[in-house]
Amino acid sequence: RTLVAPQLDLVVNNTALEISGSGRFDGIPFQGRFTSGIGTSPDRANPKVTASFNIASNVIDAFSVPLPAGLFSGSAPARFALEFPKGASPVFSVESNLVGAQLKIDGLGWTKPRAAKGKLDLEGTLGQNFAITKLDIQGGGANLISKVRFNSDRKFQSLEFAQFTLGNGINLSG
């Protein structure tokens, strides 16, 4: 992975370090911030990364997200957070209102138009305990509450639904 930033702002005091600015992560533009508590205090803040970026096909491709062809097009603003809790796996989240993105499942005749507001809420852990513990998508009359299962090689295995509703015709709970 490559992180490039032409200029970053650095703020340091007795309890915290903050680095912020604009850059590119694997060619993807972002505005971000890294914060961390410093010193020996047991209640110092955990290191955390936050960033704003646009979800688009290049982002999906760069992270090898296994989406069916045609499911996602366009670009939508998103927020990313990554926290490094002491003694545990890093925890991440991605949130978006999906405005600017079209989501489409041809086999179900469903589309979330680009201009329509929606919701993407993705959470998980990184490292040896890699997991996607929450994948919620809403918009265009659809509501998906799920988590993603991976096999031992960390490849997509299945989507475990807690709820999936689509318009007035489909209402599944698991």
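Everything numeric here is computed off the predicted structure, so don't read it as measured data.

Asker: Tell me about the overall build of the chain, residues and numbers included.
Answerer: When you go through the chain residue by residue, the secondary structure sums to 1 helix and 14 strands. Along the first, second and third principal axes, the C-alpha atoms of the chain reach 60 × 35 × 30 Å. Across the 174 residues in the chain, those meeting the buried criterion constitute 28%. At a minimum sequence separation of 6, the contacts of the chain that also span at least 24 residues come to 33%. In the structure as shown, the chain presents an accessible area of about 10800 Å², 54% of it carried by carbon and sulfur atoms. Across the chain, the mean location of the 17 positive side-chain charges is 2 Å away from that of the 13 negative side-chain charges.

Asker: Pulling in residues and values, what's your account of the pattern of salt bridges?
Answerer: Evaluation of the coordinates by the stated rule reveals 8 salt bridges. In this structure, the salt-bridge partner of Glu160 is Lys147, at a minimum N-O distance of 3.9 Å. Placement of the pair is Glu160 in strand 13 (residues 156-166) and Lys147 in strand 12 (residues 142-150), with a sequence separation of 13 residues. Overall, the relative accessible area of 35% leaves Glu160 in the partly exposed class. Classification of Lys147 as partly exposed rests on a relative accessible area of 29%. Members of the salt-bridge network, linked through shared partners, are Asp121, Glu123 and Lys134.

Asker: Give a description of the confidence of the model for the chain that names residues and reports values.
Answerer: Close inspection of predicted coordinates is inappropriate in any region flagged by low pLDDT. Averaged over every residue, the pLDDT of the chain is 90; residues scoring 70 or more account for 99%. Taken element by element, the chain is modelled with least confidence in strand 14 (residues 170-173), mean pLDDT 82, and with most confidence in strand 2 (residues 9-12), mean pLDDT 97.

Asker: Residues and numbers for the pairing of strand 6 (residues 72-83), please.
Answerer: Where a strand is regular, its side chains alternate between the two sheet faces. Here strand 5 (residues 48-56) pairs with strand 6 via 9 bridges, running antiparallel. When the sheet's bridge partners are listed, Thr50 is paired in strand 6 with Ala81. Note that strand 6 and strand 8 (residues 101-105) share 3 bridges and pair antiparallel. Pairing of Ser73 across the sheet is with Gln102, part of strand 8. Note that strand 6 and strand 7 (residues 91-96) share 6 bridges and pair antiparallel. Looking at the pairing, Ala81 lines up with Ser93 of strand 7.

Asker: Lay out the packing of aromatic side chains with the relevant residues and their values.
Answerer: In total, this model carries 2 aromatic pairs according to the counting rule given. Ring centres 5.7 Å apart and planes at 45° place the aromatic pair Phe161 and Phe164 in the tilted group.

Asker: Could you give an account of the environment of Ile132, naming the residues involved and the relevant values?
Answerer: Looking at where Ile132 falls in the secondary structure, it is placed in strand 11 (residues 131-139). A relative accessible area of 14% places Ile132 in the buried class.

Analysis parameters
All residue numbers here refer to positions counted from 1 along the written sequence of the relevant chain. This being a predicted model, a pLDDT of at least 70 is required before a residue's local features are given, and a value of 80 or more before pairs of side-chain atoms are given or counted; all residues contribute to the totals for chains, interfaces and linings. Where side-chain values are given, they derive from all heavy atoms of the structure, hydrogens and water being excluded. Here a strand is any run of E in DSSP of at least two residues, a helix any run of H or I of at least four, and the numbering for each starts at the N terminus. Exposed residues in this analysis have more than 50% of their type's maximum accessible area, buried residues have under 20%, and partly exposed residues fall in between, with area computed by a 1.4 Å probe over protein chains only. When checking whether two residues touch, look at their non-hydrogen atoms; a contact exists if any pair is within 4.5 Å. Surface exposure here means Shrake-Rupley accessible area, sampled with a 1.4 Å probe, where a residue is shielded only by the protein chains that are shown. In this count, Lys and Arg are taken as positive residues and Asp and Glu as negative ones, while His and the chain termini are left out. The atoms used to mark charge sites are NZ of Lys, CZ of Arg, CG of Asp and CD of Glu. Whenever a carboxyl oxygen of Asp or Glu lies within 4 Å of a side-chain nitrogen of Lys or Arg, that contact is scored as a salt bridge. For every residue, the predictor assigns a confidence score, pLDDT, that lies between 0 and 100. At least two bridges found by DSSP between two strands are what make those strands a pair. Aromatic pairing here means that ring centres of Phe, Tyr or Trp (its six-membered ring) are within 6.5 Å. Orientation follows from the plane angle: under 30 degrees is stacked, over 60 is edge-to-face, and everything else is tilted.

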